Amino acid sequence: MSDTRHLTGFHAVTARLRQHPASVRAIYVVAARHDRRAHELIERAESAGIAVHPVDDKRLDAIAGSDRHQGVVAEVDAALPYRTLEDVLESLDEPPLLLVLDGVTDPHNLGACLRSADGFGAHAVIVPKDRAVGVNATVAKAASGAADTVPVIIVTNLARTLRELKDRGVWLAGAEAGGAETLFDADLSGPLAWVLGAEGSGLRRLTRELCDRIVAIPLLGTVASLNVSVATGICLFETRRQRSAAGHPAKRA
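Because the structure is predicted, anything quoted here is derived from the model rather than measured. Sequence order as written defines residue numbering, which begins from 1 separately in each chain. Since the coordinates come from a predicted model, pLDDT governs what is reported: local features require at least 70, and pairs of side-chain atoms require 80 or more to be given and counted, while whole-chain, interface and lining totals use all residues. With hydrogens and water excluded, all non-hydrogen atoms of the structure serve as input to the side-chain values.

**A short note on the overall build of the chain**
Line of reasoning, step 1. In DSSP terms, a helix is any run of H or I states spanning at least four residues, a strand is any run of E spanning at least two, and both are numbered starting from the N terminus. Check the secondary structure of the chain and you find 9 helices and 11 strands.
Line of reasoning, step 2. Just to be clear, the radius of gyration here is over C-alpha atoms, and the globule rule we use is 2.2 Å times residues to the power 0.38. Computed over C-alpha atoms, the radius of gyration of the chain comes to 19 Å, within 12% of the 18 Å expected from 2.2 N^0.38 for 253 residues, which places it in the range of a compact globule.
Line of reasoning, step 3. Sorting the 253 residues of the chain into buried and exposed places 46% on the buried side.
Line of reasoning, step 4. Between two residues, a contact is recorded if the distance between any of their heavy atoms is within 4.5 Å. Across the chain, the fraction of contacts at a sequence separation of at least 24, relative to all contacts at a separation of at least 6, is 81%.
Line of reasoning, step 5. When the accessible area of the chain is evaluated, it comes to approximately 12700 Å², of which 51% is carbon and sulfur surface. When a residue's accessible area, from a 1.4 Å probe over protein chains only, is under 20% of the maximum for its type it is buried; when over 50% it is exposed; and in between it is partly exposed. Only the protein chains shown count as covering a residue, and every accessible area follows the Shrake-Rupley method with a 1.4 Å probe.

**Details of helix α9 (residues 228–245)**
Line of reasoning, step 1. Expected span, for any helix, means 1.5 Å times one less than how many residues it has. Look at α9: 26 Å from first C-alpha to last across 18 residues, which is about the 26 Å you get at 1.5 Å a residue.
Line of reasoning, step 2. Buried within α9 are the following residues: Val228, Ser229, Ala231, Thr232, Gly233, Cys235, Leu236, Glu238, Thr239, Arg240, Gln242 and Arg243.
Line of reasoning, step 3. Where α9 is buried, its residues touch β5 (97–102), α5 (107–119), β8 (171–175) and β10 (192–197).
Line of reasoning, step 4. Two residues or fewer after α9 comes Gly247, characterised by a positive phi angle close to 85°.

**Here's the deal with the sheet that holds strand β11 (residues 213–216)**
Line of reasoning, step 1. By this definition, two strands are paired if DSSP reports at least two bridges between them. If you trace the 7 strands from one edge of the open sheet to the other, you get β7-β6-β5-β10-β8-β11-β9, paired in parallel fashion. The strands lining the two open edges of the sheet, one partner per strand, are β7 (152–155) and β9 (181–182).
Line of reasoning, step 2. Strand contacts of α9: β5, β8 and β10, with the helix running at about 165° to β10, the strand carrying the most contacts. In this description, a line fitted to the C-alpha atoms serves as the axis of each element, helices being fitted only across the stretch in contact, and the angle between N-to-C directions of two axes falls anywhere from 0 to 180 degrees.

**Brief notes about the pairing of β8**
Line of reasoning, step 1. Across the 5 residues of β8, 4 count as buried, placing the element largely inside the fold.
Line of reasoning, step 2. Bridge analysis of β8 against β10 gives 4 bridges, and the strand direction is parallel. Opposite Leu172, over in β10, you have Ala193 as the bridge partner.
Line of reasoning, step 3. One ladder, built from 3 bridges, connects β8 with β11; its direction is parallel.

**Some words on the packing of helix α1 (residues 10–19) against helix α2 (residues 36–47)**
Line of reasoning, step 1. At a minimum axis distance of 10 Å, the contact between α1 and α2 shows a crossing angle of 25°. In terms of their interaxial angle, α1 and α2 are classed as roughly parallel. Taken as a pair, α1 and α2 cross one another with a handedness that is left-handed. Packed against α1, whose contacting residues are Phe10, His11, Val13, Thr14, Leu17 and Arg18, the element α2 presents Arg37, Ala38, Leu41, Arg44 and Ala45 at the interface. For classification purposes, an angle smaller than 35 degrees is called roughly parallel, one larger than 145 roughly antiparallel, one from 65 to 115 roughly perpendicular, and anything else oblique. When the near helix sits turned anticlockwise from the far one by under a right angle, the crossing is termed left-handed; a clockwise turn instead gives a right-handed crossing.

**Here's the deal with the packing of α5 against α9**
Any two packed helices are characterised by how steeply their axes cross, that is the angle between the axes, and by the distance between the axes.
Line of reasoning, step 1. Packing of α5 against α9 leaves a shortest axis separation of 8 Å and a crossing angle of 10°. One element, α5, and the other, α9, form an angle in the roughly parallel class. Here Asn109, Ala112, Cys113, Ser116 and Ala117 of α5 come into contact with α9, specifically with Val228, Ser229, Thr232, Gly233 and Leu236.
Line of reasoning, step 2. Residues are sorted three ways: Asp, Glu, Lys and Arg are charged, Ala, Val, Leu, Ile, Met, Phe, Trp, Tyr, Cys and Pro are nonpolar, and all the rest, Gly among them, are polar. Classifying every residue of the contact of α5 with α9 by side-chain character gives 5 nonpolar, 5 polar and no charged.

**Topic: a nonpolar patch on the surface**
Line of reasoning, step 1. Judged by side-chain polarity, Leu219, Leu226 and Val230 come together as a nonpolar surface patch covering roughly 210 Å² of accessible area.
Line of reasoning, step 2. Tracing the backbone through its elements, the reader meets Leu226 in the loop between β11 and α9.
Line of reasoning, step 3. Under the relative-accessibility criterion, Leu226 is labelled partly exposed at 33%. Patch membership requires more than 30% relative accessible area and the absence of a salt bridge. Residues of like charge join within 9 Å; the nonpolar side chains Val, Leu, Ile, Met, Phe, Trp and Tyr join within 5 Å. Basic side-chain nitrogens of Lys or Arg form a salt bridge, by our definition, when they fall within 4 Å of a carboxyl oxygen of Asp or Glu.

The values reported here are purely geometric and, on their own, carry no functional implication.
This is how it looks when you write it as structure tokens:
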């Protein structure tokens, strides 16, 4: 297995340069780009001692594996800095806010979930090792840099991890249509992990049974359910709104 992978797009590459510059091996930029955005990225890379290679469109397409790269590709270490759930929880000075994704397989959905996790201050995203997409180049691009700012913790046994969270006093709130309480009624001010299921199938039976509560997002239209990334954003936003109203604003790292 290769020890490097490729990040594509200005947001993802810039975030990696800002967060973990030592992990960037090289950057490839379309030679024809002379705009301010490209210049700023090149200056940031060169100031960090990272080689920047101007290439033509065809060469960059080959490196990225597609033409959807916005004119920039970074070769980076394959592994993100390793963090455990214990590391995350021990470092907090506010009630934990976690996102658990039960079998999300679409990389664009995972990337969008990471963007919401970053935007609303989730402390980590937990995903199972099997039957789920990992943090690949497509996820990183869709996340627009959030794959480098939000710890993604991959666990081999999701049920065991959920039980461990409960043992540590973290409440598990499953988001699913038909929940016993609505998002507007639920108290989300304490230690909390939102648990959302896969596209289409929702929460698996055991995952649902381990949740302390099942919460529904009130919908007024004819659509019966929401995309998992949309639901994630709504749930995290409402959690932060409640915490802010209670005098507990988000704390940035």
